[in-house]
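# Observations on the three-dimensional arrangement
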Amino acid sequence: MMLGKYFKKTVFRKEHTADGVVPEAPQGILKKCNACKGAIFTEDVKRNLYICPKCGNYFRVHAYRRIEFLLDDGSFEEWDQGMTAGNPLGFPGYEEKVRALQERTGLTEAVVTGKGRINGMETVIGVCDGRFMMASMGEAVGEKITRAVERATKLSLPVILFACSGGARMQEGIVSLMQMAKTSAALKRHSDAGLLYVSVLTDPTMGGVTASWAMLGDIILAEPHALIGFAGPRVIEQTIGQKLPKGFQRAEFLVEHGFVDRILPREEAKEVLSEILRMHGKDIEVSSEVLTLGDGDVKRSLAAPETGEKTSAWDCVQKARKKDRPVGEDYIRELFPDFIEFHGDRLYGDDAAIIGGIASFDGTPVTVIAEAKGADTKENIRRNFGMPSPEGYRKALRLMKQAEKFHRPVICLVDTPGAFCGMEAEERGQGEAIARNLYEMSALKTPVLSIVISEGGSGGALALAVADEVWMMQNAIYSILSPEGFASILWKDGKRAPEAAEVMKLTAGDLKELGIVEEIVEEPGEFTVDTMPVVCEELRGKILRFLEKYEKMDGEELVEERYRRFRDM
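Residues numbered from 1 in each chain as written. Predicted model: local features only at pLDDT ≥ 70, side-chain atom pairs only at ≥ 80, totals over all residues. Heavy atoms only, no water.

### As for the packing of aromatic side chains
Per the counting criterion, the structure on display carries five aromatic pairs. Plain terms: the ring middles of Phe-336 and Phe-361 are 5.6 Å apart, the flat faces sit at 50° to each other, and that makes the pair tilted. Residue Phe-336 is found in the loop between helix 13 (328–335) and strand 12 (340–342), and its partner Phe-361 is found in strand 13 (residues 354–361); the two are separated by 25 residues along the sequence. Phe-361 carries the same exposure label as Phe-336, and that label is buried. An aromatic cluster is present here, built from Trp-471, Phe-546 and Tyr-550 joined pairwise through their rings. When the ring centre of Tyr-439 is taken as reference, the NZ or CZ atom of Arg-436 above it lies at 5.3 Å. Sitting over the ring of Trp-491, Arg-496 keeps its end group 4.2 Å from the ring centre. (Phe/Tyr/Trp six-rings, centres within 6.5 Å; stacked < 30°, edge-to-face > 60°. Helix = DSSP H or I, 4+ residues; strand = E, 2+ residues; numbered from the N terminus. Buried < 20%, exposed > 50% of the residue type's maximum accessible area, 1.4 Å probe, protein only. Lys NZ or Arg CZ within 6 Å of the ring centre and 35° of its normal.)

Take a look at the structure:
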C-alpha cells in the first residue's frame with residue numbers, strides 16, 4: 001500500500017559501478033517525510049502504524065489499514081460495501097470524478113462501516129478515508145453512517161467512528177447539508193437507547209462533519225496534532241484579517257478548551273478503546289468473598305492516634321491542611337488503578353482543579369470525580385490549589401450525567417478550600433455552575449457517594465456532595481467557610497479562627513452527630529501517602545458495601561431517598 005501524496009519523493013545521486021550499471025532505489029521504497037524532511041523506508045512507516053520513525057509525524061491512514069490494526073484478526077464484517085454516491089444536483093463531471101476515485105482507491109465511497117471485535121469486545125465501527133474526495137460527506141457517506149448507527153442500536157452495540165473529512169461535499173449541495181441532521185438524529189436514538197458512542201477525530205476533521213456526528217460522542221478522542229474545526233484556518237484568517245496563533249484548532253487546543261476528552265496516540269488506540277468498551281459492558285457482581293473484608297482486621301493495623309485526648313477542631317483544621325496529606329490523585333491511584341481520565345466541559349475549557357473519568361471497582365464500572373490539589377507548589381498552582389472554576393463543575397456534571405446514562409455509580413472525592421472567587425469565574429457563571437450541580441445531582445438516577453478527604457469548603461464542596469451518602473476522613477473538615485473567614489465576618493477578628501473552628505462544628509464527629517455525614521473513615525496518627533494503603537483497604541470495604549446496598553435500588557427509589565435525606569436536614 002503506497003503512502004501517496006503524504007510523502008515526497010527523495011532524489012538519489014546516481015553512481016556508476018565498475019561494470020557501468022547505475023544502482024537506484026526501486027521506486028516507492030524510500031520516501032521523504034513531509035514534516036522532518038528525513039528519508040524513510042515506506043515499509044518502516046507501515047510497520048510503525050503510519051508514524052514517521054524519525055520525528056513522530058502522523059500520516060493519514062487508509063480505512064482498511066486502520067481497521068486491520070484496530071480490530072481482532074478476521075472479526076470485521078463490512079456493511080453496505082457497494083453503496084455509491086448519486087448526483088442529486090446533476091453537477092457536471094461529478095459522476096466521472098467518483099468513478100475515477102473508485103478505480104484508483106478501490107473504495108466505493110469515503111467511509112467504510114461494519115462490525116468487528118476489539119480484544120474480544122464487539123462494536124460497530126466506521127472509518128473515513130481521506131483519499132476519496134477528502135472524505136467529504138455526501139448522501140452515500142451520511143447514509144452509510146446512519147445505517148451503521150441504526151444497526152448498532154438494533155443490536156445494542158457501541159459505535160466507534162473515526163472522522164477524517166474536509167466537511168460537506170460541495171457537489172451535492174443542500175443534500176449534503178441534510179446528512180448532518182440525519183446522522184445526528186440517528187445518534188440521538190442510539191444514545192436514548194443507553195448505548196455508547198466513541199468519536200475519534202483524526203487529521204483533518206472540519207466543516208459539516210465537525211458540526212454533526214464527529215462532536216457528538218459520549219467520549220471524544222483525538223489523534224495528536226489533528227486539525228479540528230468548523231471553519232478552516234485560511235477562511236478564519238481572511239475573515240478576521242489576522243494570523244492565527246501556532247497550534248490553533250489542533251487536537252491539543254481542543255482538549256485545553258474543553259471539547260475533547262483526551263489525546264489518543266495511535267500506538268495506544270486499540271488498548272484504550274478496548275478498555276473503554278470493557279468499562280461500558282455489563283457490571284460484574286461484587287463477590288461475597290470480597291465483601292467479607294471486615295473493618296476489624298483493617299482497624300487493628302491502623303496506627304493509634306498520637307494521644308489519647310480528643311483532637312480539637314482546630315487540630316483537625318491543621319491536619320486537613322497538611323502539605324503531605326494524601327490528595328485526590330493519590331486516592332485515585334490507590335483505589336482505581338485502571339482509571340481513565342477525561343477532560344473538558346464541552347463549553348469553554350478544562351479545569352485542572354477537578355479530575356474526572358471512568359474506572360472499574362471490583363469489576364463494577366464507576367465514574368470518579370475528585371477535587372484536586374497538588375502534592376507540591378508547582379502542581380498546586382496548575383490545579384489552582386483545588387479551587388474549581390465554573391468549567392470544573394460543568395465538567396463534573398457532564399461526567400455525572402454520562403454516568404447516569406450508563407448506570408454507573410458516581411464516587412466523588414471532595415477536597416477544596418472553596419470555589420474559585422476570581423473575576424473570570426464570576427464572568428463565566430460560578431454561582432450558576434454550582435447551583436446547576438446541586439439541581440441535577442439531586443435527581444441523578446444512579447448511586448452517588450461523596451467522601452470529604454481533607455477540606456470541604458462551602459458551596460465549592462457541596463457542588464460535589466449532593467449524594468446518597470456523605471463520608472468524611474477522620475481529620476477532614478466540612479464547613480460553611482474557613483474558620484478565618486467565619487471569625488472575620490462575625491467577630492471582625494481573624495485571629496479567633498481556633499475559637500471559630502469549635503463553634504462551627506466542622507469535624508467529622510460533629511457532623512455525624514448532626515446527621516450531615518453517614519460514615520467516618522479512620523486515619524493513622526501520621527496520615528501520608530506512605531500510610532494510606534491500609535486506610536484505603538478500610539475504604540475499599542466500605543465502598544463495596546455502599547455499592548451492594550444502593551445498586552439494588554431503581555432510579556426512582558434512589559432519587560426519592562436522596563430527596564428525603566436532604567429534606568429532613
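### What to know about the environment of Asp-324
With respect to the helices and strands, the residue Asp-324 is situated in the loop between helix 12 (313–320) and helix 13. On the basis of relative accessible area, Asp-324 is assigned to the partly exposed category, the value being 39%. In the structure, Asp-324 is positioned 203 residues away from Phe-527 in sequence and 8.1 Å away in space, judged by C-alpha atoms. Excluding residues that lie within four positions of it along the chain, Asp-324 makes contacts with Phe-527, Thr-528 and Val-529. (Contact = heavy atoms within 4.5 Å.)

### Let's talk about the nonpolar core
The biggest cluster of nonpolar side chains holds 137 residues, and the ones touching the most others in it are Trp-213, Tyr-331, Phe-336 and Ile-543. At nine residues, the largest contribution of residues to this core is made by helix 22 (residues 532–550). Once residues lying within four places of it in the same chain are set aside, the contact partners of Ile-543 are Leu-335, Phe-361, Ile-411, Leu-449, Ile-451 and Trp-471. Grouped together as the second largest cluster of nonpolar side chains are eleven residues, Cys-316, Ala-320, Ala-487 and Ala-500 included. (Core = buried A, V, L, I, M, F, W, Y, C linked by side-chain atoms within 4.5 Å.)

### What about the state of the cysteines?
Scanning the model with the defined rule gives zero disulfides in all. The thiol of Cys-55 is not disulfide-bonded; the next cysteine sulfur, from Cys-52, is found 3.7 Å away. A disulfide-free cysteine, Cys-316 has its sulfur positioned 19 Å from the sulfur of Cys-536, the nearest such atom. Overall, the relative accessible area of 4% leaves Cys-316 in the buried class. (Disulfide = S-S within 2.5 Å.)

### Looking at unusual backbone geometry
With omega at -15°, the peptide bond leading from Asp-203 into Pro-204 counts as cis. With respect to the secondary-structure elements, Pro-204 resides in strand 8 (residues 197–206). Even without a glycine there, the phi angle at Asp-80 is positive, about 50°. With respect to the helices, strands and loops of the structure, Asp-80 is situated in the loop between strand 4 (77–79) and helix 3 (94–105). Here the phi dihedral of His-407 falls at roughly 60°; this positive angle occurs in a residue that is not glycine. Its location among the elements puts His-407 in the loop between helix 15 (390–405) and strand 15 (410–416).

The values are spatial; any link to function lies outside them.
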